[in-house]
Amino acid sequence: MAPSTSIPTFHAALATSPRILCLLGAGLSASSGLPTFRGKGGFWRNHDATVLATPEAFAADPGLVWQFYAHRRHMALNARPNPAHYALAKLGGKRGGDLMVLSQNVDGLSPRAGQPESTIRYLHGSLFDVKCVGENCGHSEKDNFKDPLCPALEILPNFSVPKDNEPRYTVKAEDLPRCPKCKTNILRPGVTWFGEALPEGMLEDADKWIDKGKVDLMLLIGTSAAVWPAAGYIEMARGAGARIAVVNMVAPGDPGRVGFKDEDWVFEGDAAKLVPEMLRPAIGEVYVRGDSAQ
Ligand code: BV8
């Protein structure tokens, strides 16, 4: 036997699954036009995104890393939540504390879709949070949607990927956003980089939620499950009794990473289409009109 691909059997399980854990990845926002990390989206101006998303890259060339984030802020601000974001927000409204969503995404689309804050944790921060690099300053800002953050980070209309490995222009550290509090240090993106610990307490809520009782379902939506400690929640959910439903454009050939069981599901396709269909019995229809949905 292999994991099921049947939506009706998932619907039957959904009806008797009060507690649901979700792990969201970049694939959730792919249909909103935002590139994923792996696959072709994983490169920005010939730089590997996972190399730029590190403290070492920022220390070496803060101007280049800020251009990477300024571009992603610009793209995310010009993107719209898709039906999957709205479906998960509706599920949050219906299930409240029985839903725990762990999002690896920093694009701000889940909050814009109305995901109830109590039902979601943004494990890796947000493109729209910034903080001072100064050890003793402590200044941080949430939901700073200024675009551009400063003149030097304006996304030029002819923004294109240069053929060579170097960006067409460089941004000097002195032209980067300055901390308004200490006025000496520059600001950095308020995300967790590779090699950085997740913010204090970020995982505690999720751990406590899992410890509260049986996890009935775990939805793995648009993630390669390659990044830790986020990926560790798959085994934790399994250990708490969860059946796993994977939603991915590419059916994970190697079940090794997830360790599928016969009682699980693998739904191959676009999250924007599959997630509303999977959750329909619990949330009804999702009608997206422009920047909102019913
Ligand atoms: C930590 C914010 C410990 C930034 C991100 C060496 C040193 C230190 C740590 C490590 C190490 N080696 C390994 C580690 C652990 C490391 C890690 O996991 N590395 C990986 C690469 C092996 N983790 C860390 O460093 C974490 N911290 O371990 O701290 C510590 C403790 C104390 C003191 C110091 C340190 C921090 C990890 C957080 C990194 N930050 N984001 C930014 O965004 O710029 S991670 C970033 O990449 C995203 O947030 C996301 O989590 C990840 C990308 O993963 P996915 O979301 O899954 O995206 P991906 O592109 O991979 O997959 C997309 C999927 O969607 C694909 O499967 C695709 O098929 C599918 N898809 C595509 N289209 C669709 C679709 N599915 C459905 N529908 C579609 N339309």
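The structure this text deals with has already been given above.
These lines cover the structure that appears in this document, whether it is placed above or below.

Rules used in this analysis
Residues numbered from 1 in each chain as written. Predicted model: local features only at pLDDT ≥ 70, side-chain atom pairs only at ≥ 80, totals over all residues. Heavy atoms only, no water. Helix = DSSP H or I, 4+ residues; strand = E, 2+ residues; numbered from the N terminus. Rg over C-alpha atoms; globule rule 2.2 N^0.38 Å. Buried < 20%, exposed > 50% of the residue type's maximum accessible area, 1.4 Å probe, protein only. Lys, Arg positive; Asp, Glu negative; His and termini not counted. Charge placed at Lys NZ, Arg CZ, Asp CG, Glu CD. Pairing = 2+ DSSP bridges. Axes fitted to C-alpha atoms, helices over the stretch in contact; angles between N-to-C directions. Near = heavy atom within 4 Å. Polar contact = N/O pair within 3.5 Å; in protein donor to acceptor, adjacent residues only side chain to side chain. Areas by Shrake-Rupley, 256 points an atom, 1.4 Å probe, with all protein chains shown as cover. Nonpolar A, V, L, I, M, F, W, Y, C, P; charged D, E, K, R; others polar. Salt bridge = Lys/Arg side-chain N within 4 Å of Asp/Glu carboxyl O. Contact = heavy atoms within 4.5 Å. Core = buried A, V, L, I, M, F, W, Y, C linked by side-chain atoms within 4.5 Å.

**A short note on the overall build of the protein**
The number of helices and strands found in the protein is 9 helices and 13 strands. Whereas a compact globule of 294 residues would reach a radius of gyration of roughly 19 Å, the protein reaches 20 Å, a difference of no more than 12%. Along the first, second and third principal axes, the C-alpha set of the protein runs to 60 × 40 × 40 Å. By the burial criterion, 50% of the 294 residues in the protein qualify as buried. Within the protein, one finds 32 positive and 33 negative side-chain charges whose respective centroids are separated by 4 Å.

**Regarding the sheet that holds strand β9 (residues 217–221)**
Strand order in the open sheet made by the 6 strands is β5-β4-β1-β9-β10-β11, with parallel pairing throughout. Both outer strands of the open sheet, β5 (120–122) and β11 (265–268), are each paired with one neighbouring strand and no more. On average, each strand axis in the sheet is tilted by 15° relative to the strand beside it, whichever way the strands run.

**With respect to the site of the ligand**
Lining the immediate surroundings of the ligand are 32 residues, of which R38, Y69, Q104, S224 and N248 lie closest. Between the ligand and the protein, one listed contact pairs an oxygen atom with a side-chain N or O atom of S224 at 2.6 Å. Within the contact set of the ligand, a nitrogen atom lies 3.0 Å away from a side-chain nitrogen or oxygen of D270. Notes on the ligand: free accessible area 1,500 Å², of which the protein chains cover 72%. When the residues that make up the shell around the ligand are grouped by side-chain class, the tally is 16 nonpolar, 12 polar and 4 charged.

**With respect to the pattern of salt bridges**
This structure, assessed with the given rule, holds 8 salt bridges. In this structure, K172 engages D175 in a salt bridge whose closest nitrogen and oxygen atoms are separated by 3.6 Å. Among the salt bridges present, the one from D264 reaches R238, with a minimum N-O distance of 2.7 Å. Of the two residues, D264 sits in the loop between β10 (243–248) and β11 while R238 sits in helix α8 (residues 232–239), which places them 26 residues apart along the sequence. In this structure, D264 and R238 share a single accessibility class: buried.

**Side note on the side chain of N105**
By the element assignment, N105 lies in the loop between β4 (99–103) and α6 (109–112). Side-chain polar atoms of N105 contact the backbone oxygen of G25, separated by 2.9 Å. Those residues within four positions of N105 in sequence are excluded, and the remaining contacts are L24, G25, A26, L28, S29, Y122 and G125.

**Digging into the sheet that holds strand β7 (residues 140–141)**
With antiparallel pairing, 3 strands are arranged side by side in an open sheet as β7-β6-β8. The strands lining the two open edges of the sheet, one partner per strand, are β7 and β8 (187–191). The sheet contacts of helix α4 (residues 62–77) involve β6 (125–132) and β8, and relative to β6 the element is tilted by about 135°.

**Examining the nonpolar core**
One finds V65, W66, Y69, L153 and W193 to be the most contacted residues of the largest nonpolar core, which totals 33 residues. Of all the secondary structure elements, the ones that give two or more residues to this core are α2 (49–52), α3 (55–60), α4, β6 and β8. For this core, the element with the highest residue contribution is α4, accounting for 7 residues. In this structure, L153 is in contact with W66, Q67, A70, P148, V171, L176 and P177, ignoring residues within four places of it in sequence.

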